[in-house]
Amino acid sequence: MMEKLKLAVFELTDCGGCALNILFLYERLFDLLEFYEISEFHMATSLSGENHYDVALITGTVSSQRDLALLKEARNHSDYLIALGTCATHGSVQASVEGSIRKKLEKVYGDKGNPMRALDSKPVVEYVAVDFALPGCPYDKEEIYQVLIDIAKGVEPVRKDYPVCIECKLNEYECVLVKKNLPCLGPITYGGCNAACIRSGLGCIGCRGPLPGEVNPASEYEILKDLGYDDDYIIRKFKTFARWEP
Amino acid sequence: MIIELREFTRVEGNGKAEIVVEDGEVKNVRLKIVEGPRFFELLTLGRHYYDVPDLEARICAICYLSHSVASVMAIERAFGVDVPEEIQLLRELGLIGELLESHALHLYLLVAPDVFGYPDAIRMATKHGELVREGLAIKAFGNRLREIIGGREIHGINVKPGGFGRYPTVEELELFERESGALLKLARRAVRLFASLEPYGEKAEHFVATDGYLWGDELVSDEEGTFHYTERIEERSLVYSFAKQSRYNGEPFLVGALARLLLKADSLTPMAKRLFEEHREKLATGYVSYNNLAQAIELVYSLERANEIAKTLLDKGLDGENIPIEVREGEGIGYVEAPRGVLIHHYRIDGSGNVVYSNIITPTALNHTMMELSLLREAKRGYGELDEGSLIQRLEETVRAFDPCISCSVHIVKL
């Protein structure tokens, strides 16, 4: 029998959703366990202490010295490292909070000191090289399932390269931007969520981060302006999940 | 001497503890929330109200819907908007889904391995596969409710001020009715299992909850009358933790499943009430470990209540109409019972609909003092008696009893 790959899940600072989403695979988690052995996953198991991982998943932002140390440790001990979720790939909402760490700590905790050694939240990809980046707040669990199966079979996983609009059209949802004038970031956002928010009849909030390449953020900007949204609102919307400078 | 414990496992988020030992005696325990700060209230400032619930949902994945609903309620109160019963019942259904998903995760996957002596549910499944699958079935049903009411399993944006993006269909309501009935038997079995846990941790003397079962206009406590959090709850910062600590009238207190049962047993559904009465004596001692038993009874409550709500909505039919929002200057507080206890969202909104003040207090921050006291009690009991491994195990179990949501706890602000 093939030897199982050692899988680790490391959680930096985040909402816990990207780690939790793995447990939401339910029965298929047991299918994954045909190929993988969980060596580190502190939300789910009290076991740990391995010194080498075949595949490591990192969720969350680097928001403290503790996070940074853990990230380096994970990078040094794993063959294949995946930045999982928008916090890890783009910083997500917590990295979009403006101001220096000292100012923020003072406002919230009433003290200029930083005894717990907090850092301004940044995505994992700004500190280390990753082998694969899978965004989403949260990411689609079907996608991580496929990525892990691909790796187990020795196939390099494929990164999606189309906007949310494609999945919206495939599902035959009505265009909320054109028909309902809702602020929808679908045209410039990474697809892969199966257009979850448009399914609810609401606009895409851009939680998977901006799609690079041939998209046209300037034109999205103009459309939203024409719909009556002001500059400040649009800029904030663009920057929320990915600190994007339009 | 300071004994530094490693980070807790089988809890949500990152936290650890230090035990201070002097002259061979445990003098103090510090619960350190090491999850980095996330500054959600700062994120909210200046934002248009319409987008705020979707951002606040990101505070926590296990209880995102509680955050969405508390946020939406605070916004509606600021604008003086009342929503009809239909919308309230649907929100309650979503919150019930969250309670089922969260309690099932906690009880079956995180606590049950302690009961049977395994490091995790996956290894436990080789011998107790049936139990793990039962837990997963309840959890999946809870998530199905969250997906349909909330928009997706995690961080859906369907709950909006004044109503919903999309309303459930008749088929979906029928599914809720059918499945909630079918799962009841499993939940009753869980009550028997978790009733076997020993008493440990601190004995809580004060309890706080919202005045309705899953949300309220104000808070209630074991003392007389309802109150707003600003009147009796105080917070302070610590140098060794990213979470603040709270006191109720200057005293430590408990929020969560145990507090809800003890303060609001009258609102329980029939079977849940019988089970509560059966275990009342035990629960009333206030040991925090009985929070797990209380959670199991709440699984029964949630399934019975989901069934009732689905029936009511099927009989009446859904209008599916949102209440229009008129923006005006105002202030509002949303009180919701997240699975692990009272959750407070408090905003002031200006005339153009932007949030200008934001305060969020989460259950884990409210329970922080009680958690630390419970660790101190267990460390004092176990130090010198138990070997280090067993002591650490017991301390982990003690923290786990609270079902702490550490991610949620790290961004408390008063501006």
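Residues numbered from 1 in each chain as written. Chains lettered and ligands numbered in written order. Predicted model: local features only at pLDDT ≥ 70, side-chain atom pairs only at ≥ 80, totals over all residues. Heavy atoms only, no water.

Caption draft 1: Representation of the overall build of chain A within the structure. Scanning chain A from N- to C-terminus turns up 12 helices and seven strands. What you see for chain A is a C-alpha radius of gyration of 19 Å, in line with the 18 Å of a compact globule of 246 residues. Its C-alpha atoms give chain A principal-axis dimensions of about 60 × 50 × 30 Å. By the burial criterion, 60% of the 246 residues in chain A qualify as buried. Put simply, 73% of the contacts in chain A that link residues at least 6 apart link residues at least 24 apart. Accessible area for chain A stands at about 10,300 Å²; split by element, carbon and sulfur atoms hold 51% of it. (Helix = DSSP H or I, 4+ residues; strand = E, 2+ residues; numbered from the N terminus. Rg over C-alpha atoms; globule rule 2.2 N^0.38 Å. Buried < 20%, exposed > 50% of the residue type's maximum accessible area, 1.4 Å probe, protein only. Contact = heavy atoms within 4.5 Å. Areas by Shrake-Rupley, 256 points an atom, 1.4 Å probe, with all protein chains shown as cover.)

Caption draft 2: Quick look at the side chain of Asp114(B). Residue and element names in this part refer to chain B. If you trace the backbone, Asp-114 turns up in helix H4 (residues 85–116). Reaching out from Asp-114, the side chain makes a polar contact with the side chain of Arg-400 at a distance of 2.4 Å. If we skip the residues at most four places from it in the chain, Asp-114 touches Arg-10, Gln-393, Glu-397 and Arg-400. (Polar contact = N/O pair within 3.5 Å; in protein donor to acceptor, adjacent residues only side chain to side chain.)

Caption draft 3: Quick peek at the sheet that holds strand S6 (residues 208–210) of chain B. All names here are of chain B. An order of S6-S8-S9 is seen for the three strands of this open sheet, with the pairing classed as antiparallel. Looking along the sheet, the strands with just one partner apiece sit at the ends: S6 and strand S9 (226–227). Two strands pair when backbone bridges link them, and strand S8 (residues 219–221) and S9 are joined in this way by two bridges, in the antiparallel orientation. Bridge pairing in S9 places Leu-219 opposite Phe-227. Taken strand by strand, helix H8 (residues 257–264) contacts S6 and S8, and its axis lies near 75° from that of S6. (Pairing = 2+ DSSP bridges. Axes fitted to C-alpha atoms, helices over the stretch in contact; angles between N-to-C directions.)

Caption draft 4: Region of the structure containing the sheet that holds strand S1 (residues 5–11) of chain A. Residue and element names in this part refer to chain A. Pairing is parallel across the open sheet formed by five strands, whose spatial order is S2-S1-S3-S5-S7. Of all strands in the sheet, those with a lone pairing partner are strand S2 (36–41) and strand S7 (132–134), marking the two edges. Averaged over all pairs of adjacent strands, the angle between strand axes in this sheet comes to 25°, irrespective of strand direction. Along the sheet face, helix H3 (residues 65–76) touches S1, strand S3 (53–59) and strand S5 (78–84) and points at about 135° away from the line of S5.

Caption draft 5: Quick look at the interface of chain A and chain B. With 58 residues of chain A at the interface, the matching set in chain B holds 75 residues. If you look at where chain A meets chain B, you find four salt bridges. Of the charged contacts in the structure, one is a salt bridge between Glu7(B) and Arg66(A), with a shortest N-O distance of 2.8 Å. The tally of links from chain A across to chain B stands at 23 residue pairs in polar contact (both at pLDDT 80 or more). At six residues, helix H6 (residues 101–109) of chain A tops the list of elements feeding residues into the side of chain A that touches chain B. Taken together, the residues that form the side of chain A that touches chain B break down as 32 nonpolar, 16 polar and 10 charged. (Salt bridge = Lys/Arg side-chain N within 4 Å of Asp/Glu carboxyl O. Nonpolar A, V, L, I, M, F, W, Y, C, P; charged D, E, K, R; others polar.)

Caption draft 6: Representation of the environment of Ala242(A) in the model. Residue position: Ala242(A) is located in the segment after helix H12 (231–239). Sequence separation between Ala242(A) and Ser96(A) is 146 residues, and the spatial gap between their C-alpha atoms is 7.4 Å.

Caption draft 7: Looking closely at empty space enclosed by the protein. All told, the structure shown has 10 cavities of 30 Å³ or more when counted by the stated rule. Its volume calculated, the largest cavity comes out at about 120 Å³. Lining the largest cavity we find Leu23(A), Tyr26(A), Leu29(A), Phe30(A), Ala44(A), Leu109(B), Ala121(B), Ile122(B), Val132(B) and Leu136(B). Those elements that place two or more of their residues in the lining of the largest cavity are helix H2 (27–32) of chain A together with helix H5 (121–150) of chain B. (1 Å grid on protein atoms, 1.4 Å probe; cavity = no way out; pocket = protein on both sides within 12 Å on 5 of 7 lines; lining within 4 Å. Points joined across faces, edges and corners; volume = space filled by probe spheres on them.)

Caption draft 8: Representation of the nonpolar core. In this structure, Leu57(A), Ile19(B), Leu93(B) and Phe176(B) are the most contacted members of the largest nonpolar core, which totals 183 residues. Tallying contributions element by element places H4(B) first for this core, with 16 residues. Excluding its chain neighbours within four sequence positions, the residues that come into contact with Leu93(B) are Leu145(B), Ile149(B), Leu173(B), Phe176(B), Ala306(B), Ile309(B) and Leu313(B). (Core = buried A, V, L, I, M, F, W, Y, C linked by side-chain atoms within 4.5 Å.)

Caption draft 9: Quick look at unusual backbone geometry. Residue and element names in this part refer to chain A. Residues Cys-137 and Pro-138 are joined by a peptide bond in cis, for which omega reads 0°. Locating Pro-138 in the fold gives a position in the loop between S7 and helix H7 (141–152). Not every positive phi belongs to a glycine, and Ser-92 is a case in point at roughly 50°. Examined against the element boundaries, Ser-92 turns out to sit in helix H5 (residues 92–95).

Caption draft 10: Highlighting the confidence of the model for chain A. When the pLDDT values of chain A are averaged, the result is 92; 98% of them are 70 or greater. Element-level pLDDT for chain A is lowest in H6(A), with a mean of 85, against a maximum mean of 98 in S5(A). (pLDDT = per-residue confidence, 0-100.)

Caption draft 11: Seen up close, a negative patch on the surface. Residue and element names in this part refer to chain B. Where like charges cluster on the molecular surface, the negative patch consists of Glu-205, Asp-222, Glu-223, Glu-224 and Glu-251. Structurally, Asp-222 is set in the loop between S8 and S9. Overall, Asp-222 belongs to the partly exposed group, its relative accessible area being 35%. (Patch = residues over 30% accessible without salt bridge, like charges linked within 9 Å, V, L, I, M, F, W, Y side chains within 5 Å. Lys, Arg positive; Asp, Glu negative; His and termini not counted. Charge placed at Lys NZ, Arg CZ, Asp CG, Glu CD.)

Caption draft 12: Spatial organisation of the layout of surface pockets. A volume near 480 Å³ is recorded for the largest pocket. Elements represented by at least two residues in the lining of the largest pocket include exactly S1, S2 and H3 of chain A. Among the elements that make up the lining of the largest pocket, the one with the highest residue count is H3(A) (five residues). Split into classes, the residues belonging to the lining of the largest pocket amount to nine nonpolar, eight polar and eight charged. Its boundaries defined by the atoms lining it, the second largest pocket holds a volume of some 390 Å³. Around the second largest pocket sit 17 residues that line it, and Asp140(A), Cys193(A), Ala196(A), Glu147(B) and Arg152(B) are the ones nearest its centre. Within the residue set of the lining of the second largest pocket, elements represented by two or more residues are H7 and helix H10 (196–199) of chain A.

Caption draft 13: Quick look at the packing of helix H6 (residues 170–194) of chain B against helix H10 (residues 291–316) of chain B. Residues and elements named next belong to chain B. Two elements in contact, H6 and H10, have axes separated by 8 Å at closest approach and are oriented at 160°. Of the possible angle classes, the one that applies to H6 and H10 is roughly antiparallel. As for the relative orientation of H6 and H10, their crossing is left-handed in sense. Among the residues forming the contact of H6 with H10, the class breakdown is 19 nonpolar, four polar and five charged. (Parallel < 35°, antiparallel > 145°, perpendicular 65-115°, else oblique. Left-handed = near helix turned anticlockwise from the far one by under 90°.)

Caption draft 14: Up close: the pattern of salt bridges. Residue and element names in this part refer to chain B. A full pass over the atoms with the stated rule returns 44 salt bridges over all chains. One salt bridge in this structure joins Arg-30 and Glu-18, with 2.6 Å as the shortest N-O distance. Placement of the pair is Arg-30 in strand S3 (residues 25–33) and Glu-18 in strand S2 (residues 15–22), with a sequence separation of 12 residues. Assessed through its relative accessible area of 9%, Glu-18 is described here as buried. Of the charged contacts, one joins Arg-305 and Glu-92 as a salt bridge, the two residues approaching to 2.7 Å between their closest N and O atoms.

Caption draft 15: Up close: the pairing of strand S12 (residues 330–338) of chain B. Residue and element names in this part refer to chain B. With eight of nine residues buried, S12 is to be regarded as a mostly interior element. Where strand S7 (residues 215–216) and S12 come together, two bridges link them in antiparallel fashion. Along S12, the bridge assignment pairs Gly-216 with Tyr-335. In the sheet, S12 pairs with strand S13 (residues 341–349) via nine bridges, with the strands oriented antiparallel. Looking at the pairing, Ala-338 lines up with Gly-341 of S13. Between the antiparallel neighbours S12 and S13 lie two residues.

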